[in-house]
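So the chains spell out like this:
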Amino acid sequence: QVQLVESGGGLVQAGGSLRLSCAASGRTFSWYVMGWFRQTPGKEREFVSAITGTGRYTNYADSVKGRFTISRDNAKNTVYLEMNSLKPEDSAIYYCAVARDSISYAASTQSAYDYWGQGTQVTVSS
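Heads up: these notes are all about the structure in this document. (Residues numbered from 1 in each chain as written. Predicted model: local features only at pLDDT ≥ 70, side-chain atom pairs only at ≥ 80, totals over all residues. Heavy atoms only, no water.)

## Some words on unusual backbone geometry
We note that Asn77 has phi near 55°; this positive angle belongs to a residue other than glycine. Position of Asn77 relative to the elements: it lies in the loop between β7 (68–73) and β8 (78–83). Phi angles above zero are rare outside glycine, and Ser85 is one such case at about 50°. Secondary-structure assignment places Ser85 in the loop between β8 and β9 (92–99). (Helix = DSSP H or I, 4+ residues; strand = E, 2+ residues; numbered from the N terminus.)

Right under this line is the structure:
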């Protein structure tokens, strides 16, 4: 049974930083691509970032490129999202996800992922 537990969300002022964590269990973590998505009320869930199993390759949405950094610690079965220079439009529920067995690249589409965490709320005040 795959379990993903996000943490690290909260309320921060614009320009501030947060680091999200996602602890995974139930799979050989280092084999799998991991991703972060976010969703605001009334909108579709959108891609934020992804990282390959070794951490060698990463992918970012244009809206967060240069401000967010994804990383992983396979010894701790944890993936991180370091978020800097936060903007009010970054406010959302952030979800981590683990990719399907067949995915070996840092995929940006939701269909590439088959397990999701419960989400953590990030609120950026102006």
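From this point, things continue past the structure.
## Quick notes on the sheet that holds β7
With antiparallel pairing, four strands are arranged side by side in an open sheet as β1-β3-β8-β7. If you trace the sheet from one side to the other, it starts and ends with β1 (3–7) and β7, each paired once. Across the sheet, the axes of successive neighbouring strands diverge by a mean angle of 15°, strand direction being ignored. Direction of pairing for β7 relative to β8: antiparallel, over a ladder of six bridges. Note on β8: the bridge partner recorded for Phe68 is Met83. (Pairing = 2+ DSSP bridges. Axes fitted to C-alpha atoms, helices over the stretch in contact; angles between N-to-C directions.)

## Concerning the pattern of salt bridges
Applying the stated criterion to the full structure yields five salt bridges. Its salt-bridge partner being Arg38, residue Glu46 comes within 2.6 Å of it at the nearest N-O pair. Residue Arg38 is classed as buried on the basis of its relative accessible area, which comes to 5%. Across the pair Asp90 and Arg67 runs a salt bridge, and its minimum N-O distance is 2.7 Å. You can see Asp90 sitting in the loop between β8 and β9 and its partner Arg67 sitting in the loop between β6 (58–60) and β7, a full 23 residues away along the chain. (Salt bridge = Lys/Arg side-chain N within 4 Å of Asp/Glu carboxyl O. Buried < 20%, exposed > 50% of the residue type's maximum accessible area, 1.4 Å probe, protein only.)

Honestly, that's just the spatial picture; any functional story needs more than this.
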